[in-house]
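Each chain, written out:
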Amino acid sequence: MSQKFTLVIHGGAFQDARDYEAHTHALHEVLNAGSKNLAQGQSALAAVTQAVIMMENSGLFIAGKGAGPNSEGDYELDASVMDGKTGKAGAIAAVRAVKNPVLAARAVMEKTPHVLLAGTGAERFMDEAGIERLDDPQSYFTPSHTESQVPKSASIHGTVGAIALDKDGHLAAATSTGGLVGKKAGRVGDSPIIGAATWADADIAVSTTGFGEYFMRAVAAYDVRALCAYKGETLEAATGKVLDGIKASGGWGGLIALNKKGEIRLDYRCAGMHRGFVRSDGKIHARSHPES
Ligand code: ASP
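Rules of the game
Residues numbered from 1 in each chain as written. Predicted model: local features only at pLDDT ≥ 70, side-chain atom pairs only at ≥ 80, totals over all residues. Heavy atoms only, no water. Phe/Tyr/Trp six-rings, centres within 6.5 Å; stacked < 30°, edge-to-face > 60°. Helix = DSSP H or I, 4+ residues; strand = E, 2+ residues; numbered from the N terminus. Buried < 20%, exposed > 50% of the residue type's maximum accessible area, 1.4 Å probe, protein only. Expected span 1.5 Å × (residues − 1). Contact = heavy atoms within 4.5 Å. pLDDT = per-residue confidence, 0-100. Pairing = 2+ DSSP bridges. Axes fitted to C-alpha atoms, helices over the stretch in contact; angles between N-to-C directions.

### Some words on the packing of aromatic side chains
At step 1: Counted according to the given criterion, the structure contains five aromatic pairs.
At step 2: Plain terms: the ring middles of Y75 and F141 are 4.5 Å apart, the flat faces sit at 20° to each other, and that makes the pair stacked. Residue Y75 is found in the loop between α2 (44-58) and β2 (77-83), and its partner F141 is found in the loop between α5 (137-140) and β5 (159-165); the two are separated by 66 residues along the sequence. Both residues of the pair, Y75 and F141, belong to the buried class.
At step 3: Ring geometry for F211 and Y214: centres 5.0 Å apart, planes at 80°, overall edge-to-face.
At step 4: Of the residues examined, F211 reaches a relative accessible area of 23% and is grouped as partly exposed.
At step 5: What makes Y214 buried here is its relative accessible area of 18%.
At step 6: Of the aromatic side chains, those joined through ring pairs into one cluster are Y75, Y140 and F141.

### What to know about helix α7 (residues 220-231)
At step 1: Helix length check: α7 (12 residues) gives 15 Å between terminal C-alpha atoms against 16 Å at 1.5 Å per residue, within 8%.
At step 2: Of the residues making up α7, those classed as buried are A220, A221, V224, R225, A226 and L227.
At step 3: Contact partners of the buried residues in α7: β7 (198-200), β8 (204-210), α6 (212-218), α8 (235-248) and β9 (253-259).
At step 4: Once α7 ends, the next one or two residues include G232, with phi positive near 70°.

### Regarding the confidence of the model for the chain
Detailed conclusions should not be drawn from predicted coordinates in areas where pLDDT is low.
At step 1: A residue-level look at the chain finds 93% of positions with pLDDT of 70 or above and a mean pLDDT of 93.
At step 2: Low pLDDT, under 50, characterises residues 148-155; the predicted model gives this stretch 12 contacts beyond four residues in sequence or across chains.

### A few points about the sheet that holds strand β10 (residues 264-269)
At step 1: Pairing is antiparallel in the open sheet, where four strands are placed in the order β7-β8-β9-β10. Strands at the two margins of the open sheet, each flanked by one partner only, are β7 and β10. Neighbour-to-neighbour, the strand axes of this sheet turn through a mean angle of 10°, independent of strand direction.
At step 2: The pairing of β9 with β10 spans six bridges and is antiparallel. Pairing of G254 across the sheet is with Y268, part of β10.
At step 3: With respect to the sheet, α7 is in contact with β7, β8 and β9, its orientation differing from that of β8 by roughly 145°.
At step 4: Contacts from α8 reach β8, β9 and β10 within the one sheet, and its direction differs from that of β10 by about 15°.

### Quick look at the environment of A220
At step 1: Relative to the helices and strands, A220 is located in helix α7.
At step 2: Expressed as a C-alpha distance, the spacing of A220 and R279, which sit 59 residues apart in the sequence, is 25 Å.
At step 3: The residues touching A220, leaving out its near neighbours within four places in the chain, are G195, A196, T208, F215, V242 and I246.

### A closer look at the sheet that holds strand β3 (residues 88-95)
At step 1: The strand order β4-β3-β2-β6-β5-β1-β11-β12 describes an open sheet built from eight strands, whose pairing is mixed. Among the strands making up the open sheet, the edge pair consists of β4 (116-118) and β12 (284-287). Neighbour to neighbour, the strand axes of the sheet diverge by 5° on average, direction disregarded.
At step 2: As defined by bridge partners, β3 adjoins β4 across three bridges and the pair is classed as parallel. The residue of β4 that forms the bridge with I92 is L117.
At step 3: Along the sheet, helix α1 (residues 21-39) makes contact with β1 (6-14), β5, β11 (272-279) and β12, crossing β12 at roughly 155°.
At step 4: Running over the sheet, helix α3 (residues 101-111) touches β2, β3, β4 and β6 (171-177) and is turned about 130° from β3.

### Some remarks on the pairing of β6
At step 1: The element β6 is extensively covered by neighbouring structure, given that seven of its seven residues are classed as buried.
At step 2: Residues of β6 alternate between two faces, with L171, A173, T175 and T177 on one and A172, A174 and S176 on the opposite face, all of them buried.
At step 3: With six bridges connecting them, β2 and β6 associate as antiparallel partners. Looking at the pairing, D78 lines up with T177 of β6.
At step 4: Count of turn residues in the β5/β6 antiparallel hairpin: five residues, of which G169 carries a positive phi of about 85°.

See below:
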């Protein structure tokens, strides 16, 4: 038991440089709340769930309230969670009218023998599990981006993620997204795919963001883990190799990674990534743009 904790979060990688002061402020609040709870002995699983809920509710990121519509004007959400303490995972894909997709993912993990539920069956499960649904999704969701805010050449993406190491030395990871704004109906990205966007075991936790198809084909989160576990690479070398590979194949995005020693990476291959972290000293680091 190290008695030390770390919480790392991201609010999505992006290709467009805008004024992101509100986002940085929101990251601060999430880290502040997380740091207080982790200091009091909160589990890594509870900490990543809470951090993602706060970002889903903020309306600032393309996850939860801030999610954007697909090509048919509907909101379809993806999320996943993995608990490094138990090795268990849960996820939901392309579900509608749910306030906090991360809670649905966690319910899949805790209340079913399955890992991933999708579509209408997932929606029925959420009702059975008592997950809060939305009566009027069209008025609840307030897309954080609109088509006119970014250049036509840039895809509109945004996702939130959190990874944590608690005082007992356990790791957890969670990722939640509305996916690509204007995506094809039924499109599922990397965010609910364990091993692509989300990974946590006894040694490492990862959450990714960016052009999901590239992260899926690269099995990115698990590849970071595999490079560390099987090749003995450092966290920095492993995350760099995975992101460079994604960029070389034409993709873009970023990730956050944390190991049981408390080493962290917040790395991206695009214009920027909303990101931050806090450790046991309580000092909060949050930024959106590259180091200046
Ligand atoms: N990876 C997400 C997806 O492709 C989007 C994002 O991270 O911004 O659905």
